[in-house]
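A structural walkthrough
These are the residues of each chain, in order.
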Amino acid sequence: MTGKKAECLDGCGMCCLCQPEVLPAERAFFKKNHPRCLVRAKGPEPYFALALKNDRGSCVFLNDERRCRVYDHRTTYCKQFPYHIYVSDHVKVELDLSCRGLWTGKGVDAITEAKVLVANAQERIEATLPEATEVYHEFYSEAREAGIMSDPSAIRMSVSENLSSFTDPMFLGRLLDLAEMEAQVDISGAKKDRKIDMDELSEAARETAMDSLSSEDLLNLAVYGAEDLSWNVFNADGNTIEWMEIGNDGEFHHKGFADADKIKLQPLEDDGKKVLRDYIAVLNGRDSFLGSVYYLMAENGYEDDLSNAYYGSLATAVLDIMWRASLLDKFFGTGMGARGIREAIIFYDMDRLDAPTIGAFV
Ligand code: SF4
Ligand code: SF4
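In this text, all values refer to a predicted model and were calculated from it rather than measured experimentally.

Right, let's get into the overall build of the protein. Counting its secondary structure elements, the protein contains 11 helices and 11 strands. In terms of overall dimensions, the protein is globule-like: its C-alpha atoms have a radius of gyration of 21 Å, near the 21 Å expected for 362 residues. When the backbone C-alpha atoms are referred to their principal axes, the protein occupies close to 65 × 50 × 40 Å. The buried share among the 362 residues of the protein stands at 51%. For the protein, the share of sequence-separated contacts (at least 6 apart) that also reach a separation of at least 24 residues comes to 67%. Accessible area for the protein stands at about 17,500 Å²; split by element, carbon and sulfur atoms hold 49% of it. A gap of 7 Å separates the mean positions of the 40 positive and 61 negative side-chain charges of the protein.

Next up, the structure:
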């Protein structure tokens, strides 16, 4: 995140749609002043959180101008966004690029801010680190025993050295084929000039993206905070995608339909490729991404080599972003240049938060 700056955009409020946890030390203020606004959030491990408007909109404290009514008492997680502290067998801060305030090039220096947040989170980190470290060590030893543990730094280095290839759908298609056919994947195999059926690849990308666009509960869909700061979701039902805008009260308003079959991967413009390259470098450096690859390997019963799972996951992620760019272009006319890819990343990065990983966000 070197060189990144972060600011909060007036009237955005998108992160106020994610019901923030209220830590024990923060409860007294809400209990005393707003007892009805403190609720038990459901989940595998229930926690105290701030209530949502009508149980489904944004946080109850977000006013009609989308400003916080309890700004000085907002929770730690409200203050922390768009930084995520990720604990594996060590600690790293990641930036959530679904926050539009990270794309303006203005605001505070992200590294300075991250250091402050980590210092303030010492207690939570110390409570989580031993357990997360143990989970990691358990994973390493099982993966080594199964003979599938390659060197992650060598794999990451190979991605860094080939970032441009990762913006080429043909290369990604060949990489996915290799991941399907071979236990261990060597990136050079995907550079060989073999033609890929673009329709089939487009369909594979569409299927991956559509998986995260279909949910029985609209509240589980990832929100795309658009350039006009509107909050949007896309709900896939069969081959139809419905675009809806979320109002401040949590109501969903129909905006349009699209036939998913007609949304194909489109060629990227050069400045779009550059934005995508930068994002691939970010994903490649994220420990939470590596953790999600480890999670997949464990889920698959330690059958896939790390090279196979890592390249496969990365290729799938990039194709997903390219397809989302085509989807946003259909509804918002954002194109396939720098603007269109930036918007697809803003949309996609919100979904990455939910990707299972063997570490923990604190
Ligand atoms: S998503 Fe970013 S810009 Fe929007 S309200 Fe949250 S911190 Fe501010
Ligand atoms: S407390 Fe304020 S900053 Fe936090 S989610 Fe609610 S409205 Fe947003």
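Now for the nonpolar core. Side chains of nonpolar character tend, in soluble globular proteins, to be buried together. The biggest cluster of nonpolar side chains holds 102 residues, and the ones touching the most others in it are F166, F234, I241, Y294 and W323. Contacts of F234, omitting those with residues within four sequence positions, involve L213, L221, Y224, I241, E242, W243, L327, L328, F331, F332 and F347. Within the second largest apolar cluster, 11 residues are counted, among which are F30, C37, L50 and F61.

By nearness alone, every residue bordering ligand 1 is listed as C8, L9, C12, G13, M14, C15, F81, C99 and G101. Residues of the shell around ligand 1, tallied by class, amount to seven nonpolar, two polar and no charged.

Turning to helix α3 (residues 110-120), its buried residues number three or more, namely A110, A114 and L117. Along α3, the residues classed as buried sweep out an arc of 65° about the axis, all on the same side. Counted as exposed and oriented over 90 degrees from the buried face of α3: K115 and N120. The inward-facing, buried residues of α3 contact β1 (5-6), α2 (76-80), β4 (83-87), β5 (91-95) and β6 (108-109).

Glancing now at the site of ligand 2. Around ligand 2, the structure places C16, P20, L50, C59, F61, L62, C68, V70 and C78. Residue classes in the shell around ligand 2 are distributed as nine nonpolar, no polar and no charged.

Before going further, it helps to spend a moment on unusual backbone geometry. Note the cis peptide between F81 and P82, where omega equals 10°. With respect to the helices and strands, the residue P82 is situated in the loop between α2 and β4. The backbone of N54 sits at a positive phi, close to 50°, despite the residue not being glycine. With phi around 55°, Y302 is a residue other than glycine that occupies positive phi space. Locating Y302 in the fold gives a position in the loop between α9 (287-299) and α10 (306-332).

The next thing to look at is α10. The end-to-end C-alpha separation of α10 is 38 Å, in line with the 39 Å expected for 27 residues at 1.5 Å each. With respect to burial, α10 is a largely interior element, 23 of its 27 residues being buried. Of the residues one or two after α10, G333 is the one with positive phi, at around 60°.

What counts, and where the lines are drawn
- Residues numbered from 1 in each chain as written.
- Chains lettered and ligands numbered in written order.
- Predicted model: local features only at pLDDT ≥ 70, side-chain atom pairs only at ≥ 80, totals over all residues.
- Heavy atoms only, no water.
- Helix = DSSP H or I, 4+ residues; strand = E, 2+ residues; numbered from the N terminus.
- Rg over C-alpha atoms; globule rule 2.2 N^0.38 Å.
- Buried < 20%, exposed > 50% of the residue type's maximum accessible area, 1.4 Å probe, protein only.
- Contact = heavy atoms within 4.5 Å.
- Areas by Shrake-Rupley, 256 points an atom, 1.4 Å probe, with all protein chains shown as cover.
- Lys, Arg positive; Asp, Glu negative; His and termini not counted.
- Charge placed at Lys NZ, Arg CZ, Asp CG, Glu CD.
- Core = buried A, V, L, I, M, F, W, Y, C linked by side-chain atoms within 4.5 Å.
- Near = heavy atom within 4 Å.
- Nonpolar A, V, L, I, M, F, W, Y, C, P; charged D, E, K, R; others polar.
- Arc of directions from axis to C-beta.
- Expected span 1.5 Å × (residues − 1).

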